[in-house]
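This is what each chain is made of:
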Amino acid sequence: MRVGISGYVGNRLTGIGRVLICVLQELAKQNPDSTYIIFRNYDFSDYDCLRSFKNIEIVDVPYTKESGLKNILWHQWTFQKLLKRYKCDLAYIPNFTLLLWKVVPTIVTIHDLIEFNVPEKFSKLRMFYRKMICDPLMAKRSDHILTVSQSSFNDIVKYLGVNPSKITLTLNATDKSFFHKYPQQEVENVLSNYGLQYKDYLLFVGTIDYPGKNIKTVVDAFLNLKGKGKLEGMKLVVIGKNGYNSEVIYDTVNQSVYKSDVVFTGYLKDGDLPKFYAGAAILLYLSLFEGFGLPVLEAMSCGTPVICPNTSCFPEIVEELDVTVPPTDVEAVEQKIMKILGDQIYSADLASKCYEKSLKYSWEESAKVYQQVFDQIVNK
């Protein structure tokens, strides 16, 4: 089988890109007789880590990763031509994009339908485009849909009217060679470059936007606790690129007398990210809606306790763990932070349970499901 893959996942390697890399690594190992051809923007070098696999081909296309509009357009024409030129039996699109037509059977991943669940997530034009044009066409034109949680599965059926038999659940996981427990000294060596101390900070990882990722609740809870004389010596570290309405977050921080305790690192190089997870006292990830919420699982894989919402996909990920709160309830977030920080025995036990829970998620098992769907569609 020859599988042609759209490699456009945005202008930075974030969750969707990491998912694609991990899945391809496992697919290549498990299916040596199949060839996986990834068509990528010429200036997106993060897939170079896949070159060690003989059955993964990387093909550069003359479009920059910095232009979202041009990437929508090349999917409609150039991508289809390349699928024919490279004699692909199947196309796989791992990220949200317009699908007007296809030249081979096509499988897509819909990670979430956040635009149906968070009314102000994007601009009005982008919301219209996604809800009225892109989402329905992806669902209709594709031969099969993969999705990453039961929550997203249910939304695809509810909002797009897709027959459940056309959807397959493919759970995400983490790269255990990357996101795992680290020796304290190794973590401290990285943190010292940023002026941070081991376990002396709370952490948020994700796009800095408003209201979508709901980082404002994280910031408000942190600043409130600071104002109450708690969290002495603690900082809040924010890792991520700017997104929609990010100025709301910066304004909130800059108006506070504790603004020096909030550290914005920007986009970190990959090698440092797991050390930041491992060095944090708690990961706070309170996104209003997610298809999977990968940072929560990444932190758990590094042995760090988390606080996450009791909505969308998160109860599926953490199951019985006592780490969920209503995502916009600032007081509940404050109470959960102090419960974890105020009891070292409880915190250590929770960290251990989070780590153990993370081990149930496996890219090896998920890749088997991907290939089963690929085989099913090609044979059909």
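Structure shown above.
What counts, and where the lines are drawn
Residues numbered from 1 in each chain as written. Predicted model: local features only at pLDDT ≥ 70, side-chain atom pairs only at ≥ 80, totals over all residues. Heavy atoms only, no water. Helix = DSSP H or I, 4+ residues; strand = E, 2+ residues; numbered from the N terminus. Contact = heavy atoms within 4.5 Å. 1 Å grid on protein atoms, 1.4 Å probe; cavity = no way out; pocket = protein on both sides within 12 Å on 5 of 7 lines; lining within 4 Å. Points joined across faces, edges and corners; volume = space filled by probe spheres on them. Pairing = 2+ DSSP bridges. Axes fitted to C-alpha atoms, helices over the stretch in contact; angles between N-to-C directions. Buried < 20%, exposed > 50% of the residue type's maximum accessible area, 1.4 Å probe, protein only. Core = buried A, V, L, I, M, F, W, Y, C linked by side-chain atoms within 4.5 Å. Phe/Tyr/Trp six-rings, centres within 6.5 Å; stacked < 30°, edge-to-face > 60°. Lys NZ or Arg CZ within 6 Å of the ring centre and 35° of its normal.

> Just to check I follow, could you spell out the side chain of Ser 366 for this structure?
Within the secondary structure layout, Ser 366 lies in helix H14 (residues 363-379). Residues within four places of Ser 366 in sequence aside, it is in contact with Thr 170 and Leu 171.

> Hey, could you run me through empty space enclosed by the protein in this one?
To find leftover empty space, a probe the size of one water molecule is rolled over the atoms. As enumerated under the stated definition, the model contains one cavity of 30 Å³ or more in all. Of the volumes computed, that of the largest cavity is approximately 30 Å³. Surrounding the largest cavity, Ile 16, Val 19, Leu 20, Val 23, Tyr 92, Pro 94, His 111 and Tyr 370 form its lining. Here the lining of the largest cavity gets four residues from one element, more than from any other, and that element is helix H1 (residues 15-30).

> Mind showing me how you'd approach the sheet that holds strand S4 (residues 90-93) here?
Through backbone hydrogen bonds, the strands of a sheet pair up, either in parallel or in antiparallel fashion. Ordered in space as S3-S2-S1-S4-S5-S6-S7, the seven strands form an open sheet in which the pairing is parallel. The open sheet has two edge strands with one neighbour each: strand S3 (56-61) and strand S7 (167-169). Looking at each pair of strands side by side, their axes are set apart by 25° on average, direction ignored. H1 rests against strand S1 (2-6), strand S2 (35-41), S3 and S4 of the sheet, and its axis sits at about 155° to S2.

> Is there a simple way to think about the pairing of S4 in this case?
Strand residues, when the strand is regular, have side chains that alternate between the two faces of the sheet. By the alternation rule, side chains of S4 split into Leu 90 and Tyr 92 and Ala 91 and Ile 93, which are all buried. With three bridges connecting them, S1 and S4 associate as parallel partners. Across the sheet, residue Val 3 finds its bridge partner in S4, namely Leu 90. In this structure, S4 lies alongside strand S5 (residues 106-109), joined through three bridges in parallel fashion. Considered in S5, the bridge of Ile 93 is made with Val 108.

> Just to check I follow, could you spell out helix H10 (residues 294-301) for this structure?
Quick reminder: α-helices carry 3.6 residues per turn. Residues three or four places apart thus point the same way. With eight of its eight residues buried, H10 lies for the most part within the structure. Taken residue by residue, H10 has Leu 294, Pro 295, Val 296, Leu 297, Glu 298, Ala 299, Met 300 and Ser 301 as its buried positions. Phi for Gly 303, located one or two positions after H10, is positive at around 80°.

> Where do I start with unusual backbone geometry in this structure?
Backbone phi values are negative for most residues with the exception of glycine, while trans is the configuration of most peptide bonds. In this structure, Pro 211 follows Tyr 210 across a cis peptide bond, with omega equal to 5°. For Pro 211, the position within the fold is in the loop between strand S8 (201-205) and helix H7 (215-227). Despite not being glycine, Leu 231 shows a phi value in the positive range, around 60°. Here Leu 231 lies in the loop between H7 and strand S9 (235-239). For Leu 231, a relative accessible area of 7% puts it in the buried group. In this model, Glu 319 sits at a positive phi of 50°, which is unusual for a non-glycine residue. The residue Glu 319 is located in the loop between helix H11 (314-318) and strand S13 (324-325) in this model.

> Is there a simple way to explain the sheet that holds S13 in this structure?
Read from one edge to the other, the open sheet built from six strands follows the order S10-S9-S8-S11-S12-S13, with strand pairing classed as parallel. Across the chains shown, the open sheet's two edge strands, defined by having one partner strand only, are strand S10 (262-266) and S13. Strand direction decides the pairing type here: S9 and S10, joined by four bridges, are parallel. Paired with Val 237 across the bridge in S10 is Val 263.

> Explanation requested: the nonpolar core in the structure shown.
Nonpolar side chains in soluble globular proteins generally cluster together in the buried interior. Grouped together as the largest cluster of nonpolar side chains are 97 residues, with contacts concentrated most on Leu 202 and Ile 337. Looking at this core element by element, the count peaks at eight residues for H1. Setting aside residues no more than four positions away along its own chain, Leu 202 makes contact with Phe 222, Leu 231, Met 234, Lys 235, Leu 236, Val 237, Ala 281, Ile 282, Leu 284, Ile 337 and Leu 341.

> How do you make sense of the packing of aromatic side chains when you look at a structure like this?
Within the structure shown, the criterion is met by 19 aromatic pairs. With centroids separated by 5.7 Å and ring planes inclined at 90°, the aromatic side chains of Trp 74 and Phe 79 adopt a geometry described as edge-to-face. Each of the two residues, Trp 74 as well as Phe 79, counts as buried. Measuring from ring centre to ring centre gives 5.8 Å for Phe 179 and Tyr 277, while their planes differ by 65°; the resulting arrangement is edge-to-face. One end of the pair, Phe 179, is in the loop between S7 and helix H6 (184-191); the other, Tyr 277, is in helix H9 (residues 273-279), with 98 residues separating them in the sequence. The ring of Phe 122 has Arg 126 sitting right over it, with the charged end atom 4.1 Å from the ring centre. Directly above the ring of Tyr 355 sits Lys 181, whose terminal nitrogen or CZ lies 4.2 Å from the centroid.

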